[in-house]
Amino acid sequence: MPETTIPLPTISGSLISQQPTATSCFVEIPLPDQLTVTPASRPKAQQGIAKTCSQCCSSCCTWCQLFYLTVIVSLLVVTIVDFKSLSEDEKLRVKITCGVICGVIYLFYLLTSFGAGGNFRYLKAKHASTDVAALINAVKLERPSLYWEMRCYHMAPRSQFAGNVVMYYEEKVETWKGRVYLPYTQWWDTSPAELADLAQYEVTRVKFEKKFEFVDDYTAEVFAQLGHTLEEENKWRDLEFSLLPELTIPGYQEKVLSRSVDRYPIFMNVYCYAIAVIFLLELPFSFMMKKVSGRKKFAFTKVFQCERPKTAELLEAGPSDCEMDSDLSLKTGTLQT
C-alpha cells in the first residue's frame, strides 16, 4: 500500500517540552516538516491510560495493605518471641533485623495509604451535590490538551544495610522527559449532560474518568505519527523508555466526595483517616466508608480534529478536479505518492 506524504498543520511554538531530571546532555530535536501517513484501519475512539491505571492501582493498594499488615504482625511476633536455641547476640541481631524490616514495610504502608490510596483523595475533595454539578459543567467547558509523554530511564542497583543484613534492590533513575502535543484545530465535549441520581445517596463517592476521541482517521493518524516520531528521535537517550498518551483538562479531579445532606458523618475527615492509618486500621476505615456511601462514575469525553492540508484534499478530489485548477498545486506543494 503506497504511503502519502502530507505536511503537518502549521503549529505555533515548540511541540516538545523537556524536563531533565538527572545530569545529562540534552539536545533539542525538532519534529519533521512532513508527516508520513500510512492508510490503515484504525479505531477512531481512543482512551487514556488513566482508567486502567486507576483500576489496577486501587486493586493493588488493597492487596498491598493486606500484605503489609500480615508482614508487620508476623515480624512483631518474631521480635517478641524468645528464641531459646539462640545466643543473646544472635537474638539481638534477629530482633534488630526484624525491627528494621518492619519499619521499612510500615513506611511503605503509610505511603500506599496516603499516596495511592483512594480514600484519602476522596476525603481531600469533599463537596455538596450542587458543587459537584457545577464542577462537571466547568470541566466540560475547559479547553483540553492531548499529548504523548516519553520518559527515558534505567534501573540502577542499590544496597541498604538492615542491621547485619545487606539488602540489594534496583531503583528507577529517570534521565529525560519529553512531550509532543496534538496540534488540533477544533475540539468538542461529548460528555453526558449531567450526573444522574447524584442525590440518591446521602454521601456519594464520585469517580471521574477522562477519554478522548478523534473525528476522523486523519486526526488519529496525525496523533499516532507524533508518538512514533517522538519515540524514534529519543529512544537512544537511555536503556529503557516509556511512551504514553495523556489527556489533561484544567480543573479535572479524579475523585470527589459529594453529600446531599447537611453534613458528612463524623468520621469522614482527613484527621480520622490519618489516625486510622497510623494504628493499622485503614482497611476497617475503608469498609465503614463504603458501607455508608454510594458510588457513581462520570466520564468526560473530548473530541479532537486536525485540519487537513489542502494537498490531502486534492488527493481525494481526483484527477479531473486537479486539472480544472492547475495553479492550486503550485500554492500547496506537490503531492508525492
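Just above, that's the structure.
Residues numbered from 1 in each chain as written. Predicted model: local features only at pLDDT ≥ 70, side-chain atom pairs only at ≥ 80, totals over all residues. Heavy atoms only, no water.

Draft legend 1. Molecular detail of the pattern of salt bridges. If you walk through the whole model with that rule in mind, you get 8 salt bridges. Among the salt bridges present, the one from glutamate 174 reaches arginine 151, with a minimum N-O distance of 2.9 Å. Note that glutamate 174 is positioned in strand 7 (residues 165-181) and arginine 151 in strand 6 (residues 145-162), a separation of 23 residues in sequence. According to the relative accessible area criterion, glutamate 174 is buried, its value standing at 18%. When its relative accessible area of 24% is taken as the criterion, arginine 151 is described as partly exposed. One salt bridge connects lysine 235 with glutamate 232, and the closest N-O pair in it is separated by 3.3 Å. The network of salt bridges with common partners includes Glu149, Arg151, Glu174 and Arg179. (Salt bridge = Lys/Arg side-chain N within 4 Å of Asp/Glu carboxyl O. Helix = DSSP H or I, 4+ residues; strand = E, 2+ residues; numbered from the N terminus. Buried < 20%, exposed > 50% of the residue type's maximum accessible area, 1.4 Å probe, protein only.)

Draft legend 2. Molecular detail of helix 6 (residues 270-278). Within the span of helix 6, buried status applies to Tyr273, Ala276 and Val277. Around the axis of helix 6, the buried residues are gathered within 100 degrees of arc, so they sit on the same side. Looking one or two places after helix 6, you find leucine 280, whose phi comes out positive at around 60 degrees. (Arc of directions from axis to C-beta.)

None of this, on its own, says anything about what the molecule does.
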